[in-house]
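# Coordinate analysis (summary)
The primary structure of each chain is shown beneath.
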Amino acid sequence: MSVPALHRPALSVVPDCSEERVVDADVYRSVFRRHAAGVVVITADAGHGPAGFTATSLVSVSLLPPLVSFAIATSASSWPTVSTANSLVINFLSADQHAIAGRFATSGIDRFAEPTRWSRLASGEPVLDEAPSYLRAQVEHRFAVGDHYLVVARLATHTERREHEPLLYHDGRYATATPKAHHA
């Protein structure tokens, strides 16, 4: 059945005010710094001491089974641990935890030294004591993709210590989401 002409939605053409550009490293960084992303710290220990890093690439993958993925650079100081760890912890950060995110994004330092407060779960993984919530996960897959590995992990347990506003990363800096008021 055809839709009468009067009921067809009008197509609008947005004028192209810009020029298409090849996506090189600079364009890639520029585009994705404008894409707001949640901030987590991923921690693991493969038997040589704790390792951890700040990630903005956490993505839900599957509900059944519950899977998530994240990317880590092959040059990252945490990659040797993540490459062999069987399990890890995804520490969610609250809007006021810029310092923790910055610490775990800094290379060349002991991220677990003071002032970082952390402990070990009964299963052995390092967890940030101040993370308002965290997920413990089993690593299922590691896929080489460009200069990164895409890690897929099956969620095992969740702990929520307190409600929190999420920490976001947008336009090269940490930010938070301002919830909109619900109207009745």
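See the structure shown above.
So, here is what we can say about the structure in this document. Remember, it's a predicted structure, so these values are computed and weren't measured experimentally.

The rules behind these values
- Residues numbered from 1 in each chain as written.
- Predicted model: local features only at pLDDT ≥ 70, side-chain atom pairs only at ≥ 80, totals over all residues.
- Heavy atoms only, no water.
- Pairing = 2+ DSSP bridges.
- Helix = DSSP H or I, 4+ residues; strand = E, 2+ residues; numbered from the N terminus.
- Axes fitted to C-alpha atoms, helices over the stretch in contact; angles between N-to-C directions.
- Salt bridge = Lys/Arg side-chain N within 4 Å of Asp/Glu carboxyl O.
- Polar contact = N/O pair within 3.5 Å; in protein donor to acceptor, adjacent residues only side chain to side chain.
- Contact = heavy atoms within 4.5 Å.
- Core = buried A, V, L, I, M, F, W, Y, C linked by side-chain atoms within 4.5 Å.
- Buried < 20%, exposed > 50% of the residue type's maximum accessible area, 1.4 Å probe, protein only.
- Patch = residues over 30% accessible without salt bridge, like charges linked within 9 Å, V, L, I, M, F, W, Y side chains within 5 Å.
- Areas by Shrake-Rupley, 256 points an atom, 1.4 Å probe, with all protein chains shown as cover.

### Some thoughts on the sheet that holds strand β6 (residues 87-92)
The seven strands are arranged β3-β2-β6-β9-β10-β5-β4 in an open sheet whose pairing can be described as antiparallel. Of all the strands in the sheet, just β3 (50-55) and β4 (59-62) have a single pairing partner and so form its edges. Pairwise comparison of adjacent strand axes, ignoring direction, gives a mean angle of 35° for this sheet. Examined bridge by bridge, strand β2 (residues 40-45) and β3 share six bridges and lie antiparallel to one another. When the sheet's bridge partners are listed, V40 is paired in β3 with A55.

### Quick notes on the pattern of salt bridges
The final tally for this structure, using the stated rule, is four salt bridges. Two residues, R117 and E130, come together in a salt bridge whose shortest N-O distance is 3.1 Å. Placement of R117 in the loop between α3 (98-104) and β7 (118-120) and of E130 in the loop between β8 (126-128) and β9 (133-145) is noted, with a sequence separation of 13 residues between them.

### A short note on the side chain of T54
Position of T54 relative to the elements: it lies in strand β3. A polar side-chain atom of T54 sits 2.6 Å from the main-chain carbonyl oxygen of A101. In this structure, T54 is in contact with V39, V40, V41, I100, A101, F104, A105 and Y174, ignoring residues within four places of it in sequence.

### Regarding the nonpolar core
Among the nonpolar cores identified, the biggest contains 18 residues, and I42, F70 and L88 are the most heavily contacted of them. Elements that contribute at least two residues to this core include exactly β2, β3, β5 (67-73), α2 (79-82), β6, β9 and β10 (148-160). Apart from the residues within four sequence positions on either side, I42 is in contact with A51, G52, F53, A55, F70, L88, V89 and I90. Counting ten residues, the second-largest nonpolar core is a separate cluster that includes V39, V41, I100 and L167.

### Topic: the pairing of β5
Counted residue by residue, β5 has six buried out of seven residues, so it is predominantly covered. Pairing analysis gives three bridges linking β4 to β5, with the strands arranged antiparallel. Along β5, the bridge assignment pairs V59 with S69. The turn joining β4 and β5, which pair antiparallel and follow one another in sequence, is formed by four residues. Direction of pairing for β5 relative to β10: antiparallel, over a ladder of seven bridges. The residue of β10 that forms the bridge with F70 is V151.

### What to know about the sheet that holds strand β12 (residues 173-176)
Taken in spatial order, the three strands of this open sheet run β1-β11-β12, and their pairing is antiparallel. Among the strands making up the open sheet, the edge pair consists of β1 (37-38) and β12. With two bridges joining them, β1 and strand β11 (residues 167-170) adopt antiparallel strand pairing. Each residue of the ladder has a partner; that of G38, found in β11, is L168.

### Let's talk about the environment of W79
Mapped onto the elements of the fold, W79 is located in helix α2. A C-alpha to C-alpha distance of 9.4 Å links W79 and H148, two positions 69 residues apart in sequence.

### Describing a nonpolar patch on the surface
On the surface, V23, Y28, V31 and F32 cluster together to form a nonpolar patch covering roughly 420 Å² of accessible area. With respect to the helices and strands, the residue V31 is situated in helix α1 (residues 25-33). Exposure remark for V31: the relative accessible area of 46% places this residue in the partly exposed category.

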